[in-house]
Amino acid sequence: MSSRQDRQHSAQRRSPLAALAARLMAEDGIGDFALAKRKAARQLGLAENAALPDDSEVEEALRTYQRLFQGDEQRARQQQLLAIAARLMGTTQHFNPYLTGAVLDGTAGRHAEIDIQLFADSAKDVEIFLLNEKIEFRHSTPRTDRAEAVLTLVADEATVNLVIYPRDQERVSSRTRDGRLRERARLDDVRRLLAEASAGSR
């Protein structure tokens with residue numbers, strides 16, 4: 001078998017796993033690609049060393065699943081979460097907020113959380129700011145060593161993670177586990193996305 005045929009067969013084997021992982025993310029609220037892939041592999045009875053699809057393959061399958069089975073619901077949820085993100089980013093402008101994650105890339109579903117990066121001299125500065133604004137929050141475990149803290153709050157029944165980095169990290173690009181550049185957007189871009197989503201829903 002040629003290397004090209006081998007790649008094709010490998011992709012064909014990964015496709016059902018990517019589809020199941022995408023369904024688990026869409027229906028069960030799993031937000032972590034690696035966890036969704038491992039759970040899908042177990043459900044399909046695959047060996048622990050089985051080749052898993054890339055995050056990008058699962059993301060493509062997730063977009064397809066949402067378009068086919070959750071179209072109107074997903075668009076409404078995306079618009080709602082963009083509105084909440086824009087409002088909170090406006091409130092926290094002093095900390096140079098950036099939107100990232102599923103709400104930015106358009107795959108936010110019924111269980112999606114909002115991820116906003118903030119850059120501050122100290123996480124304590126953000127905590128004091130939120131307390132002064134009478135915004136309740138709790139501490140969550142950072143997903144990366146670069147983050148100083150994660151403050152989680154609830155806004156209009158949506159979970160929001162404020163991921164706080166040192167100010168000197170603002171110009172540092174980060175990548176996803178599979179090597180892709182992690183996208184992020186400033187408030188003006190989020191407002192533009194919200195306007196486009198609102199126009200599309202009319």
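Because the structure is predicted, anything quoted here is derived from the model rather than measured.

A. Summary view of the nonpolar core. Counting 32 residues, the largest nonpolar core has Leu 99, Ile 114, Ile 116 and Val 160 as its most contacted members. Among the secondary structure elements, those contributing two or more residues to this core are helix H4 (71-91), helix H5 (102-105), strand E2 (114-120), helix H6 (123-132), strand E4 (149-155), strand E5 (158-166) and helix H7 (187-200). Per-element accounting of this core gives the leading share, seven residues, to H4. The contacts of Ile 116, once residues within four sequence positions are left out, are Ala 85, Leu 88, Met 89, Pro 97, Tyr 98, Leu 99, Val 160, Asn 161, Leu 162 and Val 163. If you look at the next biggest cluster of nonpolar residues, it comprises 16 residues, including Leu 17, Met 25, Ala 36 and Ala 40.

B. Examining the packing of aromatic side chains more closely. Applying the stated criterion to the full structure yields three aromatic pairs. Here Phe 95 and Phe 129 contribute two aromatic rings whose centre-to-centre distance is 5.6 Å and whose plane-to-plane angle is 75°, an arrangement assigned as edge-to-face. Here the residue Phe 95 occupies a position in the loop between H4 and strand E1 (98-100), and Phe 129 occupies one in helix H6, the gap between them amounting to 34 residues. Between the aromatic rings of Tyr 98 and Phe 119, the centroid separation amounts to 5.8 Å while the plane-to-plane angle is 85°, which identifies the pairing as edge-to-face. One end of the pair, Tyr 98, is in strand E1; the other, Phe 119, is in strand E2, with 21 residues separating them in the sequence.

C. Structural context of the sheet that holds E4. Judged by pairing direction, the sheet is mixed, and its six strands sit side by side in the order E3-E4-E5-E2-E1-E6 without closing on themselves. Strands at the two margins of the open sheet, each flanked by one partner only, are strand E3 (138-140) and strand E6 (184-185). Where E2 and E5 come together, seven bridges link them in parallel fashion. Bridge pairing links Ile 116 to Leu 162 in E5. Those strands touched by H6 are E2, E3, E4 and E5, and its axis lies near 20° from that of E4.

D. How the structure looks around the confidence of the model for the chain. Residue-level pLDDT values for the chain average 87, and 89% of them are 70 or greater. Low pLDDT, under 50, characterises residues 5-9; the stretch is placed with two contacts to residues that sit more than four places away or in other chains.

E. Here's a closer look at H6. Taken as a whole, H6 has its buried residues at Ala 123, Val 126, Glu 127 and Leu 130. Across the axial projection of H6, the buried residues extend over an arc of 100°, all falling on one side. Elements in contact with the buried residues of H6: E2, E3, E4 and E5. At the N-terminal end of H6, a side-chain oxygen is found 3.1 Å from the backbone nitrogen of Lys 124, two or three residues along, and the residue is Ser 122. Just past H6, the residue Lys 134 takes up positive phi, approximately 60°.

Reading the values: rules and limits
- Residues numbered from 1 in each chain as written.
- Predicted model: local features only at pLDDT ≥ 70, side-chain atom pairs only at ≥ 80, totals over all residues.
- Heavy atoms only, no water.
- Core = buried A, V, L, I, M, F, W, Y, C linked by side-chain atoms within 4.5 Å.
- Buried < 20%, exposed > 50% of the residue type's maximum accessible area, 1.4 Å probe, protein only.
- Helix = DSSP H or I, 4+ residues; strand = E, 2+ residues; numbered from the N terminus.
- Contact = heavy atoms within 4.5 Å.
- Phe/Tyr/Trp six-rings, centres within 6.5 Å; stacked < 30°, edge-to-face > 60°.
- Pairing = 2+ DSSP bridges.
- Axes fitted to C-alpha atoms, helices over the stretch in contact; angles between N-to-C directions.
- pLDDT = per-residue confidence, 0-100.
- Arc of directions from axis to C-beta.
- Polar contact = N/O pair within 3.5 Å; in protein donor to acceptor, adjacent residues only side chain to side chain.

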